[in-house]
Amino acid sequence: MFQSLLNVHSKASASFSHGIRAAFWNFARQDYLGSYFTRSPTHFNPENHSLWCTAGISINEKNELNVVPSGSTSFTQEDQATNGLIWLVSKVINFLAKSKESQIAQWTGSPPANSPEAQGTSSSSQSSYPDTSTWLKLSFEFQTWFDGVPETFRPSVRIEHPKDLSRPEGSQLPFPEIFHGLTTCAAAMQHYHFGRIALLLNRPPGIMSAPSTAFDRLQGYREVTKEVEFRSREVCGLALGRPHGGVRIFMIPILYAVGQCLESPEEHQIIIDLLRGVEADLGWATEYAVQKLQASWNQ
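Structural notes, computed from the coordinates. (Residues numbered from 1 in each chain as written. Predicted model: local features only at pLDDT ≥ 70, side-chain atom pairs only at ≥ 80, totals over all residues. Heavy atoms only, no water.)

## Some words on unusual backbone geometry
With glycine set apart, most residues show a phi of negative sign, and most peptide bonds adopt trans. Rule in force here: Here a helix means four or more residues in a row that DSSP labels H or I, a strand means two or more in a row labelled E, and each is numbered from the N terminus. Relative accessibility under 20% of the residue-type maximum defines a buried residue, over 50% an exposed one, and the middle range a partly exposed one, all with a 1.4 Å probe and only protein chains included.
Of note in the backbone geometry, N63 takes a positive phi value of approximately 60° without being a glycine. With respect to the helices and strands, N63 occurs in the loop between β1 (58–59) and β2 (65–66). For N63, a relative accessible area of 36% corresponds to the partly exposed category. The phi angle at R242 is positive, at roughly 55°, despite the residue not being glycine. Of note, R242 is situated in the loop between α7 (214–239) and α8 (245–248).

Below is the structure:
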């Protein structure tokens, strides 16, 4: 449908109308979140640059995102940066889908679809997924995005050790509380940490190019674990910052993902309360996510 709209608009204007852009970005968020859990490619191909650019982001000739492009646009800087992040996360999801395809091919002994072997050719230079160079490029793009966003993406208020008012003894919560003045920025930062976690959990084994010992590899695993835990806590801190409903409806699958990364029963209970709070306040079903998390925690 959007490709057909693109064919029509390419003859008339350089960008979609406001309504079509709004629909596109809503679909794009749901698209990548759904594809993440099935490890399947997104419906919106990140390589289809003309489609994404017509929807409102800027990609240069090197296939790199202009986080906040110059020139007149109907988007605010925050919207431009947030929508660009969705394109980056979609690239990560497709990276994971190719990784899964490569793993299945190894298990079954058949070459992945569209590979040189499957097409009757050979390529000794082509590396299998997860590909180290692709992973590093994606990690660099995420860091570039974070370094280039406006100052409005920094938290308005951050409370490192908030008190748990539900308990009379006034114990502290295991997560911070992170407040953003703009709904767009709060949602974007959750998507950002989610994308970084997805990359960390799928880091190629050959990421350390220099000769390494078993202790070097152990230290690398510890660094990954530490960063995954940090970013999971950031996601929960943003959820505890009383965000707008527009943030909460998109954080259901993100909370489900980070819930699998955390181990403390106290942390688990907070995640369950956050999920059930979304259903109670906004009507979006979350009990399925709660049940899946509880089943994984009890294994």
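## Quick look at the layout of surface pockets
Put simply, the rule reads: Every definition here rests on a 1 Å grid over the protein atoms only: cavities are sets of points where a 1.4 Å probe fits but cannot get out, pockets are open sets enclosed by protein on both sides within 12 Å along at least five of seven lines, and lining residues have some atom within 4 Å of a point. Grid points are joined across faces, edges and corners, and a volume is the space filled by probe spheres set on the points. Three categories are distinguished: nonpolar for Ala, Val, Leu, Ile, Met, Phe, Trp, Tyr, Cys and Pro, charged for Asp, Glu, Lys and Arg, and polar for the others, with Gly belonging to the last.
As a volume, the second largest pocket reaches approximately 460 Å³. Lining of the second largest pocket is provided by 19 residues; of these, L173, L240, I270, D273 and L274 occupy positions nearest its centre. Sorting elements by how many residues they give to the lining of the second largest pocket places helix α10 (residues 265–282) first, with 6 residues. Considering only residue class, the lining of the second largest pocket consists of 8 nonpolar, 3 polar and 8 charged.

## Description of the nonpolar core
Quick reminder of the rule: We call a set of buried Ala, Val, Leu, Ile, Met, Phe, Trp, Tyr and Cys residues a nonpolar core when their side-chain atoms join them within 4.5 Å. Whether two residues are in contact is decided by their heavy atoms: any pair within 4.5 Å suffices.
Counting residues in each nonpolar core, the largest one holds 72 residues, and the members touching the most others are F24, W25, W52, W145 and L255. Discounting residues that sit within four places of it in the chain, W145 has contacts with L65, V67, A81, L85, L88, F153, A188, M189 and Y192.

## What about the side chain of S58?
Put simply, the rule reads: Identification of polar contacts relies on pairs of N or O atoms within 3.5 Å, with a donor-acceptor requirement for protein atoms, meaning one able to donate a hydrogen and the other able to accept it, and with residues adjacent in sequence counted only if both atoms are side-chain atoms.
Considering the arrangement of structural elements, one finds S58 in strand β1. A polar side-chain atom of S58 sits 2.7 Å from a polar atom in the side chain of N66. Setting aside chain neighbours within four positions, we find S58 in contact with E64, L65, N66 and P69.

## Looking at the side chain of S90
Relative to the helices and strands, S90 is located in helix α4 (residues 77–108). A relative accessible area of 2% places S90 in the buried class. In contact with S90, other than residues within four places in its own chain, are Y32, T42, P46 and W52.

## Looking at the pattern of salt bridges
Note the following rule: Each reported salt bridge corresponds to a side-chain nitrogen of Lys or Arg within 4 Å of a carboxyl oxygen of Asp or Glu.
Throughout the structure, instances matching the rule amount to 10 salt bridges. A salt bridge links E141 to K137, with the nearest nitrogen and oxygen atoms 3.4 Å apart. Of the two residues, E141 and K137 both sit in helix α5 (residues 132–148), 4 residues apart, roughly one turn of that helix. Here D281 ties to R248 by a salt bridge, and the two come within 3.1 Å at their closest N and O atoms. Of this pair, D281 sits in helix α10 while R248 sits in helix α8, and the two are 33 residues apart along the sequence. Given a relative accessible area of 54%, D281 falls into the exposed group.

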